[in-house]
Amino acid sequence: MIYRKDTTLSTNIDAREAQYRHGDVVVAALQTAGRGQRGHKWCSRKGENLTFSLVWEPKGAVAVAEQFILSEAVALALHATLSRFSIDSRIKWTNDIYVGDLKICGVLIEHILTGGSIERTIVGIGLNVNQKEFDSWVPNPTSMSLLNGVDYRLDDVLGVVCEEIESQYRLIESGRFESIRSSYNQLLYRRNERCQYLIPDGQSVERVEGIVRSVAESGALCVEIDGRLREFLFKEIEFVI
Ligand code: BTN
């Protein structure tokens, strides 16, 4: 079921309420305290983009140690959605969606764990649909409208995202994790390209050249640096774009 709000703080906060159950979606025209990854804020002009959160209750389908599969499934659903609007995107680890070097969509996934299992997963999605101008501090943004030169009905796009998310969730329920992992890896942004990365090390930051090879089951990014494969967790490495 889709629940609509005109204005709210953050749909990720709303979706935590017990009234929302598996498969429910909370969508807002405006978030006044939209949240991004790494403590950043997420700003989106009222009514121009999709800002919504979906509730998943994976129960026994996904072990806590395998929780990254949920991020991969969401990223694949967003890639498939954009393909249906003729936009060729890539997945920037962990689950930003990029077109070339421009970010079109951000995802904030929050898990609620109880007794060693995933009780609830809140999948927050900010997809830039019709916005054409962004604040100068927003790093390399784009939107579907900027890319394709047309404006979209937000409900049409939301309908496609929900379809694609449902189809990915069916893969999870049927245990087809390997298929999800393999598709995710094939769509990785900058995979097999030699690029610059920043590695924070205490007080300093090291700039290195490396090649993204894959993402491990744990969710760690595997990067070849000086001929050696190294694994990085969230916040341990940053792309230079
Ligand atoms: C990021 O790229 O930093 C993640 C952005 C996630 C934004 C979405 S918008 C809907 C949901 N509610 C929030 O407060 N954040 C997510």
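Here is what the cut-offs are and how they apply
Residues numbered from 1 in each chain as written. Predicted model: local features only at pLDDT ≥ 70, side-chain atom pairs only at ≥ 80, totals over all residues. Heavy atoms only, no water. Near = heavy atom within 4 Å. Polar contact = N/O pair within 3.5 Å; in protein donor to acceptor, adjacent residues only side chain to side chain. Areas by Shrake-Rupley, 256 points an atom, 1.4 Å probe, with all protein chains shown as cover. 1 Å grid on protein atoms, 1.4 Å probe; cavity = no way out; pocket = protein on both sides within 12 Å on 5 of 7 lines; lining within 4 Å. Sits in = over half its atoms within 2 Å of the grid points. Pairing = 2+ DSSP bridges. Helix = DSSP H or I, 4+ residues; strand = E, 2+ residues; numbered from the N terminus. Axes fitted to C-alpha atoms, helices over the stretch in contact; angles between N-to-C directions. Contact = heavy atoms within 4.5 Å.

### Here we look at the site of the ligand
- Taken together, 20 residues lie near the ligand, and Ser-10, Gln-31, Arg-35, Gln-37 and Lys-103 sit nearest.
- Measuring from an oxygen atom of the ligand, one finds a side-chain N or O atom of Ser-10 at 2.7 Å.
- Here a nitrogen atom of the ligand and a side-chain polar atom of Gln-31 are 2.7 Å apart.
- Protein chains shield 97% of the accessible area of the ligand, which is 420 Å² for the free molecule.
- When atoms are counted within 2 Å of each cavity's grid points, the one that captures over half of the ligand is the largest pocket.

### Quick notes on the sheet that holds strand S2 (residues 25-31)
- Pairing is mixed in the open sheet, where seven strands are placed in the order S1-S2-S3-S7-S6-S5-S4. What marks the edges here is a single partner per strand, and that holds for strand S1 (2-8) and strand S4 (90-92). Averaged over all neighbouring strand pairs, the angle between strand axes comes to 25 degrees, with direction disregarded.
- Note: S2 against strand S3 (residues 50-56), four bridges, orientation antiparallel. Paired with Val-25 across the bridge in S3 is Leu-54.
- The strands that helix H2 (residues 68-84) touches are S3, S4, strand S5 (96-99), strand S6 (102-114) and strand S7 (117-127); relative to S6, the one it contacts most, it runs at about 150 degrees.

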